[in-house]
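Chain residues, written in single-letter form:
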Amino acid sequence: MGLTIGVDIGGTKIAAGVVDEEGHILSTFKVSTPPTAEGIVDAIAAAVSGASDGHPVEAVGIGAAGYVDDKRATVLFAPNINWRHEPLKDKVEQRVGLPVVVENDANAAAWGEYRFGAGQGHDDVIGNKLRRGRFGVAAEFGHIRVVPDGLLCGCGSQGCWEQYASGRALVRYAKQRANATPENATILLALGDGTVEGIEGKHISEAARQGCPVAVDSFRELARWAGAGLADLASLFDPSAFIVGGGVSDEGELVLDPIRKSFRRWLIGGEWRPHAQVLAAQLGGKAGLVGAADLARQG
């Protein structure tokens, strides 16, 4: 199969891109994310139509945030969209007239990195196939409960790992620390609008590079949780590498170095066993789109 389209459904934008067999994006088209489930189907069709203009596209891959069934057709549950047993494959196929594959968005991004990004050469990371489980909803590592009765998560549970090791968590840590000790957050506050409420991720990164105590400590807190979680995953899967994606990975060694230190600290038998590499994703925000397109190519 030649050219395929990958679709990435985001909170504000739906992006579609034509991708070739080498993982190169040839064209893209973006539309705003509608507020309704049916509107999203219309938007996906519009994005596919816009991206495919002038290209002989043969299939479509969709990355959707939520549980996707083992047939890669139905979104069983999506925490941020009112999808409950949503037959997304059938609906989009009817609109675009092409074969459609639906995949969890994180799985699609992982596949994109494995095929064309930081995961190349690490065959044991995925083993040349996605580990989707019997019912298609495996590998939801972000929703492993690390704190019993902890912070409420968008999935409806409490204490999920992603509430403590994510970009949102980093901002929360910084705001909490800046509120408690504003004298240690002067650099951070000056980069924003001067208030704790105005702190954003980009401000924390720049403040940490300037040595702001609150910003540096916030990154350390994020890394502590991230590294500890990776150590648990190493006990389960023993991979050669972990690939850190999302906006946090854009900070490079600022976040990767403390994550590695935390990982080594919490890895059982870490003094005596080989350590997995902790790498930054290479495809950035394009990983999900590229991965979904490649999965569609493979059928």
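None of the values given here were measured: they were computed from a predicted structure.

Student: Would you take a moment to explain the sheet that holds strand β7 (residues 84-86) for this structure?
Tutor: One open sheet holds the three strands; their spatial order is β5-β6-β7, and the pairing between them is antiparallel. Two strands lie at the open edges of the sheet, namely β5 (67-68) and β7, each paired on one side alone. Looking at chain direction, β5 and strand β6 (residues 75-77) are connected through two bridges and run antiparallel. The residue bridging Tyr-67 from the neighbouring strand is Phe-77, located in β6.

Student: Whenever I open this one, the sheet that holds strand β8 (residues 100-104) confuses me. Can you help?
Tutor: Sheet strands associate in pairs through backbone hydrogen bonding, adopting either a parallel or an antiparallel arrangement. Spatially, β3-β2-β1-β4-β8 is the arrangement adopted by the five strands of the open sheet, whose pairing is mixed. Here the strands that pair on one side only, and so sit at the sheet edges, are β3 (25-32) and β8. Each neighbouring strand pair of the sheet contributes to a mean axis angle of 20°, computed without reference to strand direction.

Student: I would appreciate a short explanation of the packing of aromatic side chains in the present structure.
Tutor: Ring pairs (aromatic) are described by centroid distance and by the angle formed between their planes. In the structure shown here, the tally under the stated rule is five aromatic pairs. Here the aromatic rings of Tyr-67 and Phe-77 are separated by 6.2 Å at their centres, their planes lie at 55°, and the arrangement is tilted. Of this pair, Tyr-67 sits in strand β5 while Phe-77 is found in strand β6, placing the two residues ten residues apart along the sequence. With a relative accessible area of 22%, Phe-77 lands in the partly exposed category. For the pair Tyr-164 and Trp-225, a centre-to-centre distance of 4.8 Å together with 35° between the ring planes defines the contact as tilted. A residue pair is termed long-range when its members are at least 10 positions apart, and Tyr-164 in the loop between α4 (123-126) and α5 (167-180) and Trp-225 in helix α8 (residues 213-237) qualify at 61 residues. Considered together, Tyr-164 and Trp-225 belong to a single accessibility category, that of buried residues. Note that Arg-172 overlies the ring of Tyr-164, its terminal NZ or CZ placed 5.8 Å from the centroid. Its end group placed over the ring of Trp-266, Arg-265 keeps NZ or CZ at 4.0 Å from the ring centre.

Rules of the game
- Residues numbered from 1 in each chain as written.
- Predicted model: local features only at pLDDT ≥ 70, side-chain atom pairs only at ≥ 80, totals over all residues.
- Heavy atoms only, no water.
- Pairing = 2+ DSSP bridges.
- Helix = DSSP H or I, 4+ residues; strand = E, 2+ residues; numbered from the N terminus.
- Axes fitted to C-alpha atoms, helices over the stretch in contact; angles between N-to-C directions.
- Phe/Tyr/Trp six-rings, centres within 6.5 Å; stacked < 30°, edge-to-face > 60°.
- Buried < 20%, exposed > 50% of the residue type's maximum accessible area, 1.4 Å probe, protein only.
- Lys NZ or Arg CZ within 6 Å of the ring centre and 35° of its normal.

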